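Observations on the three-dimensional arrangement
Okay, here's what each chain looks like letter by letter:
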Amino acid sequence: MTWSGEAVDLDAYLARIGYEGDVSPTAGTLRALHRAHVAAIPFENLDVALGRPVRLDPKSVQAKLAGPPRGGYCYEQNSLFAAVLERLGFRVAGRGARNRTRGAALPPVTHAMLVVEVDGEQWLADTGFGHQGPLEPVPLRDGAVVEQGGWTFGIRVEDEGVHVLRSLRPEGWVDLYAFAPQTLFPSDFTVMNHYSSSHPLSKFVGQVVAQRTGPGERHALVRDELTTVRTDGSTSRRRVPAEDLGRVLAELFGIEPGVDDVAQLGALTGESL
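Residues numbered from 1 in each chain as written. Predicted model: local features only at pLDDT ≥ 70, side-chain atom pairs only at ≥ 80, totals over all residues. Heavy atoms only, no water.

Section: the pairing of strand β11 (residues 217-222)
Here strand β10 (residues 209-214) pairs with β11 via 6 bridges, running antiparallel. Residue Ala210 lies in a different strand from β11, and its bridge partner there is Leu221. Two successive antiparallel strands, β10 and β11, enclose a turn made up of 2 residues, where Gly216 displays a positive phi of approximately 90°. Of the strand pairs in this sheet, β11 and strand β12 (residues 225-230) are connected by 6 bridges, and their pairing is antiparallel. Bridge assignment links Val222 to a residue of β12, and that residue is Glu225. (Pairing = 2+ DSSP bridges. Helix = DSSP H or I, 4+ residues; strand = E, 2+ residues; numbered from the N terminus.)

Describing the pattern of salt bridges
Tallying each qualifying case throughout the model produces 18 salt bridges. In this structure, Arg141 engages Glu121 in a salt bridge whose closest nitrogen and oxygen atoms are separated by 2.7 Å. Here the residue Arg141 occupies a position in the loop between β5 (138-139) and β6 (145-148), and Glu121 occupies one in strand β4 (residues 121-125), the gap between them amounting to 20 residues. For Glu251, the salt bridge goes to Arg247, with nearest N and O atoms at 3.3 Å. Residue Glu251 and its partner Arg247 are both found in helix α7 (residues 245-253); the two are separated by 4 residues, about one turn of the helix. (Salt bridge = Lys/Arg side-chain N within 4 Å of Asp/Glu carboxyl O.)

Considering the sheet that holds strand β13 (residues 235-239)
Spatial strand order, β1-β10-β11-β12-β13: 5 strands in an open sheet with antiparallel pairing. The outermost strands of the open sheet, each flanked by one partner alone, are β1 (43-44) and β13. The strands that α7 touches are β10, β11, β12 and β13; relative to β11, the one it contacts most, it runs at about 155°. (Contact = heavy atoms within 4.5 Å. Axes fitted to C-alpha atoms, helices over the stretch in contact; angles between N-to-C directions.)

Some details on the sheet that holds strand β8 (residues 163-169)
Taken in spatial order, the 8 strands make up an open sheet running β5-β4-β3-β2-β9-β8-β7-β6, and their pairing is antiparallel. Among the strands making up the open sheet, the edge pair consists of β5 and β6. With 2 bridges joining them, β4 and β5 adopt antiparallel strand pairing. Within β5, the position partnered with Leu124 by the bridge is Val138. Where helix α5 (residues 74-88) meets the sheet, it contacts β2 (91-99), β3 (109-118) and β4, and its direction lies at approximately 15° from that of β3. Sheet strands touched by helix α6 (residues 186-198): β2 and β3. Its angle to β3, the strand with the most contacts, is close to 150°.

Points about the packing of helix α1 (residues 10-17) against helix α2 (residues 27-40)
Closest axis-to-axis distance for the α1/α2 pair is 8 Å, and the angle between their directions is 65°. Classified by the angle their axes make, α1 and α2 are roughly perpendicular. For the pair α1 and α2, contact is made by Tyr13, Leu14, Arg16 and Ile17 and by Leu33, Ala36, His37 and Ala40, respectively. Here the contact of α1 with α2 is composed, by residue class, of 6 nonpolar, 1 polar and 1 charged. (Parallel < 35°, antiparallel > 145°, perpendicular 65-115°, else oblique. Nonpolar A, V, L, I, M, F, W, Y, C, P; charged D, E, K, R; others polar.)

Regarding the packing of aromatic side chains
Under the counting rule described, the total for this entry stands at 6 aromatic pairs. Between Tyr73 and Tyr75, the ring centres sit 5.0 Å apart and the planes meet at 85°, which makes this aromatic pair edge-to-face. The class of Tyr73 is buried, set by a relative accessible area of 1%. Among the residues examined, Tyr75 registers a relative accessible area of 0% and is labelled buried. (Phe/Tyr/Trp six-rings, centres within 6.5 Å; stacked < 30°, edge-to-face > 60°. Buried < 20%, exposed > 50% of the residue type's maximum accessible area, 1.4 Å probe, protein only.)

The following block contains the structure:
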């Protein structure tokens, strides 16, 4: 199997995301699993911030994401989700995307996401784009528009077959990321993960990032700034002092690192990169 689905402890994963529904490879199952995964497993980079290696083999990823109250970033989240889907009989392919949320900047292709085919239709599946990501899969066809928990997403196809995932905001459509129709494999995710977890220009190195999305509200913690965005377009921001970091991670994001880890992470929140 491409994504080592045979190595997944399916019962442990389903228990972690609180899913007790149908597991046959249908579009309904894909939507339900995606929503349950996003709701249960937060986005976070704490191992990267602490200078630890991020492993993508199925056993390591599952031990982290489906074990203690932790989360992970795109390579971990979507590697695990791909393995689970493969185990259940879905056709899964990796993709690499270029983030477009930073305005005119042209960052490298570093975001990892998935394309899943069900009954001849392709779906964008992405459990690892953090607080701006979709709650459920999005139909991968030009002009598709879906509403999910008060958030609206759409797909646009550009030149050379490049697909763009978009989000509808009060000010209009905003591009989230763009990706070419080129299949990527676990080894490609490994290379991208190496850059994101160790390169000095990576946005994940040297600072705390934790994010969570859900119906009606999104939360993002970057360094010591906590941002909450709501479906009505309102946004609030506040600073999280180092002494409150552990509580905020646990209560708002469902992440419970050890006491020593919280102390080390707290030392990063006030630093400038």
